[in-house]
Amino acid sequence: MERVDIELIKSFEQLIKNSSKSIVLVPHTNPDGDAMGSVLGLWRVLQNAGLKVKIVSPTKYPEFYHWMDGHEQVINFSHHPKQSARAFAESDLLICMDFNQLSRLGVMKQLVESFEGKKVLVDHHPYPGNFTDLIISDITFSSTAELIFTVLQSTEFAAYIDKNAATSFFTGIMTDTGSFDFNVSNPNTFETVAQLTRMGIDQLDIHSKVYDNYSADRIRLMGFCLSNRMIVYPEYHAACMYITREDQKTFNFVTGDNEGFVNMPLSIKGIVFSVLFTEKEKYIKASFRSKGDFAVNEVSEKYFNGGGHRNAAGGELYASLQEALTQFENLLPEFEDRIKKSIK
Ligand code: 5GP
Ligand code: MN
């Protein structure tokens, strides 16, 4: 059986073929490796097929993804709103990737809402919103990158998937699975990786470009946070880490420097629920991770204006860091039973 409904795939293919202007690809705010891997991979494939394609990102993304094929042509909406609006005006097809609700676009939401052409969503989060003409959404995929690669393979565009595109798709899969540590319960993911490998990608090089590209300051910040900014709640099998604005100044923080911090407490014996709070100028960014059945997207939705996957979610709280920490402590008793059920 096909993993994705063939009728959906054919509709998607037809929308691309019907486009006579440009196609614009959009990742979510603060795009991660999967959002960028998906848009850059699809960009390369459609570009190879001779189509006009643009990428407009709501915000910038970490430097350790800047080596990726196509990075130079990504338009950053927050820096270039007029150029972004022009890219939308010149396009008749919009493809949203790796997010399930328009609020994930921040202020760029208006541009997508008022877009006059056809819209498609390609995503792997639960509860996809109804804001596009076509929805290709499936939570059984590790990543949007794996999903779009699988979809493309059943289209005429399969012939245009080259090593560059495969490298972008692999980056998406690798980062959304934490290097095959989570979101990999479906054997198809490994089959996809085998196919990408046959296309000549260099996994070690990709891994090194993403994960061995940090500053000394980031490693020092990590050590500092592990020593001074981590609170463990053994009775709730939970842990919390936080980074103040002051800490960010001390360690010359740049976007992406806190990547992966939230996963670290999960390596403590007995801990299955972890949160990271990063203090921003106007709000607190929250990141959640869990092991097993405990659904952190529910915690994020209920208390932190967010959402995401069962084991990886995020949100934002317009409050002080102290309030966020207190909010977290206060919700632990409510989820105690569900957390405990998650322990193997
Ligand atoms: P991260 O902790 O890496 O920022 O995000 C993990 C996952 O949580 C993302 O893949 C995304 O699905 C979700 N997520 C992160 N931030 C938000 C947010 O502000 N709102 C919603 N709805 N989901 C988020
Ligand atoms: Mn993703």
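Criteria and cut-off values
Residues numbered from 1 in each chain as written. Chains lettered and ligands numbered in written order. Predicted model: local features only at pLDDT ≥ 70, side-chain atom pairs only at ≥ 80, totals over all residues. Heavy atoms only, no water. Helix = DSSP H or I, 4+ residues; strand = E, 2+ residues; numbered from the N terminus. Rg over C-alpha atoms; globule rule 2.2 N^0.38 Å. Areas by Shrake-Rupley, 256 points an atom, 1.4 Å probe, with all protein chains shown as cover. Lys, Arg positive; Asp, Glu negative; His and termini not counted. Charge placed at Lys NZ, Arg CZ, Asp CG, Glu CD. Salt bridge = Lys/Arg side-chain N within 4 Å of Asp/Glu carboxyl O. Buried < 20%, exposed > 50% of the residue type's maximum accessible area, 1.4 Å probe, protein only. Contact = heavy atoms within 4.5 Å. Pairing = 2+ DSSP bridges. Axes fitted to C-alpha atoms, helices over the stretch in contact; angles between N-to-C directions. Domains from an automatic or database assignment. Buried area = accessible area lost by both parts, 1.4 Å probe. Polar contact = N/O pair within 3.5 Å; in protein donor to acceptor, adjacent residues only side chain to side chain. Near = heavy atom within 4 Å. Nonpolar A, V, L, I, M, F, W, Y, C, P; charged D, E, K, R; others polar.

Caption draft 1: Seen up close, the overall build of the protein. Across its full length, the protein carries twelve helices and twelve strands. Its C-alpha atoms give the protein a radius of gyration of 20 Å, near enough to 20 Å, the size a compact globule of 344 residues would have. Dimensions along the principal axes, computed over C-alpha positions, put the protein at roughly 55 × 45 × 40 Å. Accessible surface computed for the protein: about 15500 Å², of which carbon and sulfur atoms make up 49%. The protein carries 34 positive and 43 negative side-chain charges, and their two centres are separated by 2 Å.

Caption draft 2: Region of the structure containing the pattern of salt bridges. Across all of its chains, the model carries 13 salt bridges by this definition. Note that R3 is salt-bridged to E146, the shortest N-O span being 3.0 Å. One end of the pair, R3, is in the segment before α1 (6-18); the other, E146, is in helix α5 (residues 144-153), and 143 residues separate them in sequence. On the basis of relative accessible area, R3 is assigned to the partly exposed category, the value being 23%. Residue classification places E146 among the buried residues on the basis of a relative accessible area of 0%. The partner of E13 in a salt bridge is K10, with the nearest N and O atoms 3.1 Å apart. You can see E13 and its partner K10 sitting in helix α1, three residues apart, about one turn around the helix. Using a relative accessible area of 38% as the deciding quantity, one classes K10 as partly exposed. One network of salt bridges, in which partners are shared, links K10, E13, K17 and E156.

Caption draft 3: Geometry of the environment of A286. Considering the arrangement of structural elements, one finds A286 in strand β10 (residues 284-290). With relative accessibility at 1%, the residue A286 sits in the buried group. As for A286 and V262, which are separated by 24 residues in sequence, their C-alpha atoms are 9.5 Å apart. Beyond its immediate stretch of four places on either side in the chain, A286 contacts L276, F277, F304, A313, G314 and G315.

Caption draft 4: Focus on unusual backbone geometry. Not every positive phi belongs to a glycine, and H237 is a case in point at roughly 55 degrees. Within the secondary structure, H237 sits in the loop between β7 (230-233) and β8 (238-243).

Caption draft 5: Fine view of the sheet that holds strand β4 (residues 91-97). Strand order in this open sheet of six strands is β3-β2-β1-β4-β5-β6, and the pairing throughout is parallel. On the outer flanks of this sheet lie β3 (75-76) and β6 (134-137), each paired with one strand and no other. When strand β5 (residues 118-123) meets β6, the two strands line up parallel, connected through four bridges. Looking at β6, one finds that D123 is bridged to S137. Seen against the sheet, α1 touches β1 (22-26), β4, β5 and β6 and runs at an angle of roughly 130 degrees to β6. Against the sheet, helix α2 (residues 33-48) contacts β1, β2 (53-57) and β4, and its axis sits at roughly 165 degrees relative to β2.

Caption draft 6: Expanded view of the domain arrangement of the protein. Each assigned domain of the protein is listed here: domain 1 (6-211) and domain 2 (216-341). A straight line from the C-alpha centre of domain 1 to that of domain 2 covers 27 Å. Taken together, the contacts link nine residues of domain 1 with eight residues of domain 2. Summed over both sides, the interface between domain 1 and domain 2 buries roughly 830 Å², with carbon and sulfur atoms accounting for 55% of that surface. The interface formed by domain 1 and domain 2 holds zero salt bridges in total. The interface formed by domain 1 and domain 2 holds two residue pairs in polar contact (both at pLDDT 80 or more) in total.

Caption draft 7: View of the site of ligand 1. Near ligand 1 there are 14 residues, and of these H125, K285, S287, R289 and A313 occur at the shortest range. Within the backbone of G307, an N or O atom sits 3.2 Å from a nitrogen atom of ligand 1. In isolation ligand 1 has 490 Å² of accessible area, and contact with the protein removes 85% of it. For the shell around ligand 1, the element with the highest residue contribution is strand β12 (residues 312-317), accounting for four residues. Class assignment of the residues belonging to the shell around ligand 1 gives a composition of two nonpolar, nine polar and three charged. Both domains that meet at the shell around ligand 1, namely domain 1 (6-211) and domain 2 (216-341), each give it at least three residues.

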